Amino acid sequence: MPNSRIIGTGSYIPEKVLTNLDLEKMVETSDAWIVERTGIRERHVAADGEAASDMAAAASRRALEMAGVRPEDLDVIIVGTISADMPMPSAAVLLQQKLGASKAFAFDLSAACAGSIYGMGIADSFIATGRVRRALVVGVEVLTRILDWTDRNTCVLFGDAAGAMVLAPSDGPSGILSTHLHSDGAGAPALYIPAGGSARPTTEATVREKLHYVKMNGREVYKIAVRSLTAVLGEAFATNRVTPDDVSHVIAHQANLRILESVLQRYAIPMSKCWVNLDKVGNTSSASLPMTLDQANRAGRLSRGDLIAMMAIGAGMAWGGALVRW
Ligand SMILES: CC(C)(COP(=O)(O)OP(=O)(O)OC[C@H]1O[C@@H](n2cnc3c(N)ncnc32)[C@H](O)[C@@H]1OP(=O)(O)O)[C@@H](O)C(=O)NCCC(=O)NCCS
C-alpha cells in the first residue's frame, strides 16, 4: 500500500499577462523564435507588491478546501522556491502565518524547478514514518523578479505562479507509489545566480554587473534535462514493474515543449497523455508540476485508478520522478 496520497490540489496564476509580442518590444527576439524553440506564447507576472507567500497562500487555500483539511490540522508545510519573499525567514513560515497553520513546522526547500517533486518525496517519507498525517507541499516562484530583462537567453522563458498539494496517509491502493530524487552539482554552472549569496555578497558592483539575476547555458541544460528525465522515468517504471503503456497521464514540470516531446518519444508515450500549459504560463519552475496537476484534476481529467507519471528538473542540477496511482 502506498505511504501517502494527494487529497487536494490548488493553484494560483497572477492576472497580468506578458506575451511574446510584448517581449519583442523589450529584447531582440521574436514570437516565432520563442514558439519554435520552447512552445511558450505568454507568461504571467506577479502584481507589484505580490510576493511568493501571497501567491502560495492563494494556491494553498484552494488545495486545503478541496482536501477538506483545516490549516490548523496541518503537520508540515514544505515550500519549494528560489524566489522567497526575502532571504530570511522562509516563505514557508510566512505562509504558515497567513494560513493560520499553527501546529505545522514549516521550511523552504531549495531545488529550483525540482522543488515540488522533492517536496512531495520528502512529505511522503514523513508520512511513512507516522510523524506527519497532513502535509502541505507548495511550489511557488516569482522568477520575473530575478530575471535580467535585457537578457533574451533567459527572460523569454519564465513566468510566475504557485501550485499546492495536500498529502495524507493512504488507506488503499491509491497514492504515491514511488519517488526518485537525484542531484548532480556538476551541473551548477549551467543554471545559477552568481551573486547575492555568501560566495559573492551583493555589492554595488554585483548589482551594476547584473550578477544577482539568473544566468543559463540553455543548450547544456537542455541536454542534461532530456538525459536525466528519460533516466528517472525509466527508474520509476522499473521500480513499479509497469510499462510506459500503463501510464494514463504525464504531469511534468514544463520548461520546454521540445524537452517533453523528446523524453516521451523515448518511451512512445503520446503527447496527448501529457497535460501541456507552458504555452500559457511559460516555465514557472517549482510551481509548474503542482499547478499542472491541479489544472488536470479540476478539468476532471484524472480518474480513480489512473497511473500518473511525474517528472521535474531544475538548477543544481536537481531532478526527480514519481509514479502516482490516482
Ligand atoms: C534556451 C533554449 C530555448 C535556446 O534554444 P537553442 O536552440 O538551444 O538556442 P541556442 O542557445 O543555441 O541559441 C541559438 C541562437 O539563438 C539566439 N537566441 C537566444 N535567445 C534568443 C531569443 N529569445 N530570441 C532570439 N534569439 C535568441 C542565441 O543568441 C543564438 O544566436 P547565435 O547563434 O547568433 O549565437 C534551449 O536551449 C532550451 O530550452 N534550453 C533549456 C532551458 C531550460 O529549460 N531551462 C530551465 C530548466 S528548468
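This text goes with the structure placed above it.
Let us look at the structure shown here. Please read these numbers as outputs of a predicted model, since none were measured by experiment.

### Observations concerning the environment of Ala-114
- Tracing the chain through its elements places Ala-114 in the loop between β5 (105-109) and α5 (115-129).
- For Ala-114, a relative accessible area of 0% translates into the label buried.
- Remark: the alpha-carbon pair of Ala-114 and Ala-195, spanning 81 residues in sequence, is separated by 21 Å.
- Not counting chain neighbours up to four residues away, the residues in contact with Ala-114 comprise Ala-312, Ile-313, Gly-314, Ala-318 and Trp-319.

### Observations concerning the side chain of Ser-11
- As for its position among the elements, Ser-11 is in strand β1 (residues 4-12).
- A distance of 2.6 Å separates polar atoms of two side chains, one belonging to Ser-11 and the other to Asp-294.
- Non-local contacts of Ser-11, meaning those with residues more than four positions away in its chain, are made with Ala-59, Arg-62, Ala-162, Gly-163, Met-291 and Asp-294.

### Some details on the packing of helix α3 (residues 52-67) against helix α4 (residues 91-99)
- Their axes nearest at 9 Å, the elements α3 and α4 cross at an angle of 55 degrees. By the angle between their axes, α3 is oblique relative to α4. Once α3 is placed against α4, the crossing between them reads as right-handed. Along the contact surface, α3 presents Ser-53, Asp-54, Ala-56, Ala-57, Ser-60, Arg-61 and Leu-64, while α4 presents Ala-91, Leu-94, Leu-95, Lys-98 and Leu-99.

### A closer look at the sheet that holds strand β4 (residues 76-80)
- Spatial strand order, β1-β7-β6-β4-β5: five strands in an open sheet with mixed pairing. Taken across any chain shown, the strands that pair with only one partner, and hence form the sheet edges, are β1 and β5. Each neighbouring strand pair of the sheet contributes to a mean axis angle of 15 degrees, computed without reference to strand direction.
- As paired strands, β4 and strand β6 (residues 135-141) are joined by five bridges and run parallel to one another. In the strand pairing of β6, Val-76 is matched with Ala-135.
- Along the sheet face, α3 touches β1, β6 and β7 (161-169) and points at about 130 degrees away from the line of β1.
- Across the sheet, helix α11 (residues 288-298) touches β1, β6 and β7, and the angle it forms with β1 is around 95 degrees.

### Here's the deal with the sheet that holds strand β12 (residues 307-314)
- Spatial strand order, β8-β13-β12-β11: four strands in an open sheet with mixed pairing. Every interior strand has two partners, whereas the edge strands, β8 (175-183) and β11 (249-252), have only one. For this sheet, the mean angle separating the axes of adjacent strands, direction not counted, is 15 degrees.
- The sheet contact formed by β12 and strand β13 (residues 318-325) spans eight bridges and is antiparallel. For Ala-309, the partnering residue across the bridge sits in β13 and is Leu-323.
- Strands in contact with α5 are β8, β12 and β13; relative to β8, the strand with the most contacts, it is inclined by about 125 degrees.

Each value, and the rule that gives it
- Residues numbered from 1 in each chain as written.
- Predicted model: local features only at pLDDT ≥ 70, side-chain atom pairs only at ≥ 80, totals over all residues.
- Heavy atoms only, no water.
- Helix = DSSP H or I, 4+ residues; strand = E, 2+ residues; numbered from the N terminus.
- Buried < 20%, exposed > 50% of the residue type's maximum accessible area, 1.4 Å probe, protein only.
- Contact = heavy atoms within 4.5 Å.
- Polar contact = N/O pair within 3.5 Å; in protein donor to acceptor, adjacent residues only side chain to side chain.
- Axes fitted to C-alpha atoms, helices over the stretch in contact; angles between N-to-C directions.
- Parallel < 35°, antiparallel > 145°, perpendicular 65-115°, else oblique.
- Left-handed = near helix turned anticlockwise from the far one by under 90°.
- Pairing = 2+ DSSP bridges.

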